[in-house]
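# Reading the structure
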Amino acid sequence: MTSHKIADVLTESLPYIQRFKGKTIVIKYGGNAMVDENLKSSFARDIVLMKSVGMNPIVVHGGGPQIGSTLERLGKNSEFVDGMRVTDSETMDVVEMVLGGLVNKEIVNLIHQHGGNSIGLTGKDGRLITAKKLKTEMEPTSEIIDLGHVGQVDQIDVSVINLLLQGDFIPVIAPIGVGKDGFSYNINADLVAGAIAESLNAEKLILLTNTAGLLDSNGELMTGMSSSTVKELIDNGTIHGGMLPKISCALSAVENGVKTSHIIDGRVSHAVLLEVFTDSGVGTLITTNG
C-alpha cells in the first residue's frame, strides 16, 4: 500500500474509533477463525486494537471441533440431535477441560502475544451464567429428548465482567454455565454471546460464521437490514436451516437493547476490524426498525 492509501484507511476508521470509544462490543468467536493459524492471529490482533483505541471487547468462544477431536482420541463417540451434542457426565468433563482449559487459555495467550491484557473464565466463575437443562422435541413424534448436560441461559450476572472491564482486561468467556441443581451445562456460544450482550446493553453483537453473512435467494450478500425485513425473509423461507438459530440470536439482541448485530465471515482475515472500522464491512448488519 502507498502512504496515501494507508492514510485513507486510517481516516476512514477515525469516525468509528470516536463513535465506539468506551462502548462494549461482544464477539462470538468460532468456526474457521478458531482453527486456521493465520486467522487466529488476525482475530487476536483485532481484539487488541479495539481495546487499544478505547473500546471494550468481550470474547465468547465455541470449540465444537476441538471437543469432537478430543472425544475421538479418548475413544468416545459423539451423538448429535438437531445439531446439539448429547452430553453425558463423562462428555461434560471433556467439554469443561477443552473449552474452559485448552481453548480458552489459547485465546488468552494469543491476545497476550499481541500486547493485550486478557483474563479467561467460564460462566461458572462468579456464577456469571446460571443455566437450566435444555430438552428438545423430536419430529414428527414430538418425543422429548434429554440431551444430558446441554443447557440454555437462565440468567446472566455481569458483575464479574464489569469488574474485569474496570480493570482494563479483555474477558474471554467459555460458554459453560452452572444450574441451580449444581450441575455444569454446555451452552451454545451464540446464545451466550447474545445473552451477555443484552445484559450489558452492548453497542454491538458480532457473530463470526463460516459464511459471508445473510444471503438472498440469489446467493448475494445482504448488508444493512432491519429486524422487520429479516423476519419477512424468515417467513418466506429465504432464511432457513442452520442459519436460523444464529439469526434468532441476532434479532433477539437488537430487540433487547443491543444497538446492532453483525453476522460476519470469520474466514476473512481481520474480519472484526473490517466490520467495525470500515464503511463497507464484511457481513450483514441488523438493526431495529427505528
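Our subject is the structure listed above.
A short tour of the structure in this document, coming up. Here the structure is a predicted model, which is why all the values come from computation and not from measurement. (Residues numbered from 1 in each chain as written. Predicted model: local features only at pLDDT ≥ 70, side-chain atom pairs only at ≥ 80, totals over all residues. Heavy atoms only, no water.)

## Structural notes on the overall build of the chain
In plain terms, the rule: Helix numbers and strand numbers start at the N terminus; a helix is a DSSP run of H or I with at least 4 residues, a strand a run of E with at least 2. Residue exposure (1.4 Å probe, protein chains only): buried if accessible area is under 20% of the type maximum, exposed if over 50%, otherwise partly exposed. Here the Shrake-Rupley method, with its probe set to 1.4 Å, supplies the accessible areas, and only the displayed protein chains count as covering residues. None of His or the chain ends enter the tally, which takes Lys and Arg as positive and Asp and Glu as negative. Where a charge sits is defined by one atom per residue type, namely NZ (Lys), CZ (Arg), CG (Asp) or CD (Glu).
When helices and strands are counted, the chain shows nine helices and 14 strands. Dimensions of the chain along its principal axes, counting C-alpha atoms only, are 60 × 45 × 35 Å. Here the chain, with 290 residues, has 49% of them falling under the buried criterion. For the chain, the exposed surface amounts to about 13500 Å²; the carbon and sulfur share of it is 51%. Between the averaged position of the 23 positive side-chain charges in the chain and that of its 33 negative side-chain charges there is a distance of 6 Å.

## Regarding the nonpolar core
What counts, and what does not: Think of a nonpolar core as a cluster: buried Ala, Val, Leu, Ile, Met, Phe, Trp, Tyr and Cys residues, connected wherever their side-chain atoms sit within 4.5 Å. Contacts are residue-level and defined by heavy atoms, with any inter-residue pair within 4.5 Å sufficient.
Core analysis: the largest hydrophobic core is formed by 41 residues, its most contacted members being V26, I196, L205 and L214. Elements that contribute at least two residues to this core include exactly β2 (56-61), β6 (129-138), α5 (159-166), α6 (189-200), β11 (204-209), α7 (227-235) and α8 (244-254). Sorting elements by how many residues they give to this core places α6 first, with seven residues. Those residues in contact with L205 that lie beyond four places of it in its chain are V26, A193, G194, A197, C249, A250, A253, V258, T260, S261 and H262. Y16, F20, V108 and A174 belong to the second largest nonpolar core, which has 39 residues in total.

## Comments concerning the packing of α7 against α8
The line we're drawing: Whenever a helix is involved, its axis is fitted only over the stretch in contact; in every case the axis is a line through C-alpha atoms, and angles between N-to-C directions fall within 0 to 180 degrees. When describing relative orientation, an angle under 35 degrees is termed roughly parallel and one over 145 degrees roughly antiparallel, while 65 to 115 degrees is termed roughly perpendicular and anything else oblique. Handedness of a crossing follows from how the near helix is turned relative to the far one, being left-handed for an anticlockwise turn of less than a right angle and right-handed for a clockwise one. As a working rule, the residues Ala, Val, Leu, Ile, Met, Phe, Trp, Tyr, Cys and Pro are called nonpolar, Asp, Glu, Lys and Arg charged, and the rest polar, with Gly in that last group.
Closest axis-to-axis distance for the α7/α8 pair is 11 Å, and the angle between their directions is 155°. One finds that α7 runs roughly antiparallel with respect to α8. Where α7 crosses over α8, the two elements pack in a sense that is left-handed. For the pair α7 and α8, the contacting residues are S227, V230, K231 and I234 in the first and L244, I247, L251 and V254 in the second. Partitioned by chemical class, the residues of the contact of α7 with α8 number six nonpolar, one polar and one charged.

## Concerning the packing of aromatic side chains
Put simply, the test is: Stacked, edge-to-face and tilted labels apply to pairs of Phe, Tyr and Trp rings (six-membered ring for Trp) whose centres lie within 6.5 Å, assigned for plane angles under 30 degrees, over 60, and everything in between, in that order.
Under the definition given, this model contains two aromatic pairs. Aromatic side chains Y29 and F43 sit 3.8 Å apart centroid to centroid with 5° between the ring planes, which places their arrangement in the stacked category. Within this pair, whereas Y29 is found in strand β1 (residues 24-29), its partner F43 is found in helix α2 (residues 37-52), the two being separated by 14 residues in sequence.

## Some details on the pairing of strand β5 (residues 118-122)
Defined as follows: Pairing between two strands requires that DSSP report at least two bridges joining them.
Counting buried positions along β5 gives four out of five residues, so the element sits mostly inside the fold. Both β5 and strand β8 (residues 170-174) contribute to a ladder of five bridges, which runs parallel. In the strand pairing of β8, G120 is matched with V172.

## What to know about the side chain of K246
Under the convention used in this document: Two N or O atoms form a polar contact when they lie within 3.5 Å of each other; inside protein one atom must be a possible hydrogen donor and the other a possible acceptor, and for residues adjacent in sequence the pair counts only when both atoms belong to side chains.
By the secondary structure assignment, K246 is in helix α8. A distance of 2.7 Å separates a polar atom in the side chain of K246 from a polar atom in the side chain of D190.

## Some details on unusual backbone geometry
In this structure, R127 takes a positive phi of about 50° despite not being glycine. Mapped onto the secondary structure, R127 falls in the loop between β5 and β6. One non-glycine residue, D168, adopts positive backbone phi at about 70°. The residue D168 is located in the loop between α5 and β8 in this model.

## Some points on empty space enclosed by the protein
Rolling a probe over the atoms, with the probe sized like a water molecule, indicates the empty space that remains. Selection criterion: The method works on a 1 Å grid over the protein atoms by themselves. A cavity is a set of points holding a 1.4 Å probe that cannot get out, a pocket is an open set with protein on both sides within 12 Å along at least five of seven lines, and residues with an atom within 4 Å of a point line them. Grid points are joined across faces, edges and corners, and a volume is the space filled by probe spheres set on the points.
Summed over the entire model, instances satisfying the criterion amount to one cavity of 30 Å³ or more. Along its surface, the largest cavity is lined by A33, L39, S42, F43, D46, L208, G266, V268, H270, A271 and V272. Those elements giving two or more residues to the lining of the largest cavity turn out to be α2 and α9 (271-277). In terms of residue count, the dominant contributor to the lining of the largest cavity is α2 (four residues). Considering only residue class, the lining of the largest cavity consists of seven nonpolar, three polar and one charged.

## Considerations on the sheet that holds β5
Strand order across the open sheet formed by eight strands is β5-β8-β2-β1-β11-β13-β14-β12, with mixed pairing between neighbours. Unpaired on one side and paired on the other, β5 and β12 (224-226) mark the two borders of the sheet. Each strand of the sheet is rotated relative to its neighbour by a mean of 20°, with strand direction disregarded. The sheet contact formed by β12 and strand β14 (residues 283-287) spans three bridges and is parallel. Residue pairing for β14: G224 is matched across the bridge by L285.

## Quick word on the packing of α6 against α8
Closest axis-to-axis distance for the α6/α8 pair is 9 Å, and the angle between their directions is 5°. For the element pair α6 / α8, the angle class is roughly parallel. Where α6 approaches α8, its residues D190, L191, G194 and E198 are matched on the opposing element by K246, C249, S252 and A253. Considering only residue class, the contact of α6 with α8 consists of three nonpolar, two polar and three charged.

From the geometry alone we can't say anything about function, so treat these as descriptive.
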